[in-house]
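Here is how the chains run, residue by residue.
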Amino acid sequence: MKRAQLSAIVLVCALACTACGGVLTSDQPARQDYLLKPMSLAPAQPSDPPSLSLAVSAVPGLDSNRILVVDPEARLNSFAGAHWPDHLPEVLGSVLQRSLTSSGLFSSVETGARTVRADWIAELEIQEFYALQTTSGITSSVRALLAGHVLCDGNRQVLRLAASESVTDERLATVVAAHQDALDDVTHQLIEQLKTACP
């Protein structure tokens, strides 16, 4: 092979590698998925526990797998590269289902579409589950609000679960921990409200 041909091949390979490098290089932060955990509760032992069907939905804007933040002008943004493992209703539905199961208050807990075979039917809508930022762009707190109702023994009782947790620094792990604390708080509230709604 002539030297001129070899030089041309080397040049083409170098240009191809440069082009590929440009495609594979990104200034965007790497995707990080964060996990929310169920509570581990001391199980109650009722004599005849009912079955529960739990459906969780979200208001427009919150049905996302991104970890969201709202600024003082009500603009909905997200933390770059930070995600939940699935869309928020699926994540919270799964965590609440496992927490309620561990409570021992129910013979079974199913999530998803309404199950008419269940003794109790609870429906919750996620109305807030995001961080709040100040005018200077500092993350100050996390808010959670779930509202809905439970049908049991022919009665319909309103459910309202609200929590707010402070964020102590700007690390994303701290923001996620505040989401976890808020979720733990509303889980406790849900259990207590279910116990009093349908004694």
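Let me begin by describing the structure that accompanies this report. None of these values were measured; they are calculated from a predicted model.

### Observations concerning the packing of aromatic side chains
Applying the stated criterion to the full structure yields two aromatic pairs. Judged by centre distance (6.2 Å) and plane angle (50°), the rings of Trp 84 and Phe 129 are tilted. With a gap of 45 residues between them, Trp 84 in the loop between β4 (76-83) and α2 (88-103) and Phe 129 in strand β6 (residues 120-133) connect regions that are remote in the sequence. Measuring from centroid to centroid gives 5.5 Å for Phe 106 and Trp 120, while their planes differ by 80°, and the two rings are edge-to-face. You can see Phe 106 sitting in the loop between α2 and β5 (108-111) and its partner Trp 120 sitting in strand β6, a full 14 residues away along the chain. As far as the burial class goes, Phe 106 and Trp 120 line up, both buried.

### Thoughts on the state of the cysteines
Summed over the entire model, instances satisfying the criterion amount to one disulfide. The disulfide bridge from Cys 152 ends at Cys 198, spanning 1.4 Å between sulfur atoms. Sign of the S-S torsion, about -75° for the bond between Cys 152 and Cys 198, identifies this disulfide as left-handed. Of this pair, Cys 152 sits in strand β7 (residues 139-152) while Cys 198 sits in the segment after α3 (172-197); the two residues are 46 residues apart in sequence, bridging distant segments of the chain. Residue Cys 152 shares its accessibility class with Cys 198, and that shared class is buried.

### Side note on the environment of Ser 136
If you trace the backbone, Ser 136 turns up in the loop between β6 and β7. Judged by its relative accessible area of 59%, Ser 136 is exposed. Taking the C-alpha atoms as reference points, Ser 136 and Asp 71, 65 residues apart in sequence, are found 9.4 Å from one another.

### Quick word on α2
Taking 1.5 Å per residue, 16 residues should reach 22 Å; α2 reaches 22 Å between its end C-alpha atoms and fits that length. Among the residues of α2, those classed as buried are Leu 88, Pro 89, Val 91, Leu 92, Gly 93, Val 95, Leu 96, Ser 99, Leu 100 and Ser 103. On its buried face, α2 sits against β2 (51-58), β5, β6, β7 and α3. In the stretch just after α2, Gly 104 is the one whose phi turns positive, near 75°.

### Concerning the nonpolar core
Formed by 55 residues in total, the largest nonpolar core has its most connected members in Trp 84, Leu 100, Ile 126, Phe 129 and Leu 194. Contributions of two or more residues to this core are made by β2, β3 (66-70), β4, α2, β6, β7, β8 (155-166) and α3. Top element by residues in this core is α3. It accounts for 11 residues.

What counts, and where the lines are drawn
Residues numbered from 1 in each chain as written. Predicted model: local features only at pLDDT ≥ 70, side-chain atom pairs only at ≥ 80, totals over all residues. Heavy atoms only, no water. Phe/Tyr/Trp six-rings, centres within 6.5 Å; stacked < 30°, edge-to-face > 60°. Helix = DSSP H or I, 4+ residues; strand = E, 2+ residues; numbered from the N terminus. Buried < 20%, exposed > 50% of the residue type's maximum accessible area, 1.4 Å probe, protein only. Disulfide = S-S within 2.5 Å. Expected span 1.5 Å × (residues − 1). Contact = heavy atoms within 4.5 Å. Core = buried A, V, L, I, M, F, W, Y, C linked by side-chain atoms within 4.5 Å.

That's the geometry; what it means functionally is another story.
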